[in-house]
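# Topology and contacts: notes
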Amino acid sequence: MDLNLFVVFEAIYTEGGITAASGKLHLTQPAVSHALGRLRDIFGDPLFEREGRRMVPTPLARNLIGPVREALRGLEIGLVEADRFDPESSDRLFTLGVRDVLETTVLPPLMAQVRREAPGVRVSAVRADRRGLESELAAGSLDAAVDIWLPLSERVCHKRLVSNRLVVLVRHNHPIADGPMTLDTYLAQDHLVASSRRAGPGVEDVELSRLGLQRTIRLRCQHYFAACRVVSETDLVLTIPERYAQVANQAFGNRVLPLPMTLPQLDSYLYWHANVDSEPANLWLRRHLESIFDGARPSPGH
C-alpha cells in the first residue's frame, strides 16, 4: 500500500476538507481527491462525508486516525534520526560478537561507559560463528565483533585493537614460582589448556612443534576463570594471554611468569560492515570499544 495515501488521509482529517488538505500538502485538489478515492476503494468505506463545507470522518476513519498518526510520527522520527544518534535518549540494542574469553575485559568497562552516557542503551554480547561473521555483520544481526585476525572480504572493515603476549600462571607457592622460567623448566611441568574448542593445539604448541618439542597437557577446560582456579589449587601451569590474566587471576593471586619462548603477538581486531561505517550509532559503539583498549575516553555524545 502506498504510504502517501495515509499522509493525504491525515491531512484531510486534520484540515477538514480537500481544498485545505491540498494546500497543506502542496498538491492539486484533483491529486488529493484521487488519493481519497483510492483509500475509499481499499477500505470499502467513504471515510469522509460532506456536511456543509467540512468533510466529516466516518466511524471507520475515526478508528483509523490514531494508528495512522502514530505510524506517520514514528516514520518521521525514524527518518530524522537516521543520520544522527543521541545516546542520552536512545534505547537501542547493540549486539556485539565477542568470544567468551574477551567478555571479562570488554564488557565491564563498556557497560560503565554506557551507563554514564547512554542509560537507555542495551548491549547483547553473543558468540559469533567465525564462518558466518561476515554475513551477520552485513545483515545487521551483529553491530560489531571483536576477535582475532580473520580473512574476511573488503566489505568488512577492521581495526587492530591490541596486541597481547602470552604469560605463564603458577600458584603462588609453586616450586618454580621464584626460579628462572627457562624453556626446559616450562616443558618439565604438567600443563592446563583453556580453550572453547574440543581439540587442537594452541599457538604455543604450534611453535613448540616447529622446534621439535612437545609439552604434557593434563587438563583441557573451557574457560580461563576455571583454569585460574585449577592453577591456584594444583601444580598445573597455564599459558594465557596477559590481558586476560590480569582479570581472570584477580581472585586467585597466582604468580605471573614470562613465557620462555618468542611467539607472535596475539592481536585482537574490531570488525564492522562497510554499510555502517558512517552510521552515527555504530560509530559511537566503535569509539567506546576502541577506548577500552587504548585507554582513552571518547568525548561524550560521540
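Look up a bit, the structure's there.
Read on for an overview of the structure.

Take helix H2 (residues 18-25) next. Residues Ile18, Ala21 and Ser22 constitute the buried set of H2. One side of H2 holds all its buried residues, which, seen down the axis, span an arc of 100°. Close packing links the buried residues of H2 with helix H1 (4-15), helix H3 (29-43) and strand S2 (54-57).

Let us now look at the sheet that holds strand S3 (residues 93-98). Read from one edge of the open sheet, five strands run S4-S3-S5-S12-S6, paired in mixed fashion. In this open sheet, the two strands that pair with only one neighbour each are strand S4 (122-126) and strand S6 (156-164). Taken pair by pair, the neighbouring strands of this sheet meet at an average axis angle of 20°, ignoring direction. As judged from the eight bridges shared by S6 and strand S12 (residues 266-273), these two strands associate in the antiparallel manner. Its bridge partner being in S12, lysine 159 is matched across the sheet by leucine 270. This element, helix H11 (residues 280-294), spans S3, strand S5 (144-147), S6 and S12 of the sheet and lies at about 170° to S12.

On to the environment of phenylalanine 9, then. Along the chain, phenylalanine 9 turns up in helix H1. Residues phenylalanine 9 and valine 32, spaced 23 residues apart in sequence, show a C-alpha to C-alpha distance of 9.0 Å. When neighbours within four sequence positions are excluded, phenylalanine 9 is seen to be in contact with Leu39, Leu47, Phe48, Ala61, Leu64, Ile65 and Val68.

So, about unusual backbone geometry. One non-glycine residue, histidine 26, lies in the positive phi region at around 60°. In this structure, histidine 26 sits in the loop between H2 and H3. A positive phi angle, close to 65°, is found at leucine 47, a residue other than glycine. Looking at where leucine 47 falls in the secondary structure, it is placed in the loop between H3 and strand S1 (48-51). Since its relative accessible area comes to 0%, leucine 47 is described here as buried.

Each value, and the rule that gives it
Residues numbered from 1 in each chain as written. Predicted model: local features only at pLDDT ≥ 70, side-chain atom pairs only at ≥ 80, totals over all residues. Heavy atoms only, no water. Buried < 20%, exposed > 50% of the residue type's maximum accessible area, 1.4 Å probe, protein only. Helix = DSSP H or I, 4+ residues; strand = E, 2+ residues; numbered from the N terminus. Arc of directions from axis to C-beta. Contact = heavy atoms within 4.5 Å. Pairing = 2+ DSSP bridges. Axes fitted to C-alpha atoms, helices over the stretch in contact; angles between N-to-C directions.

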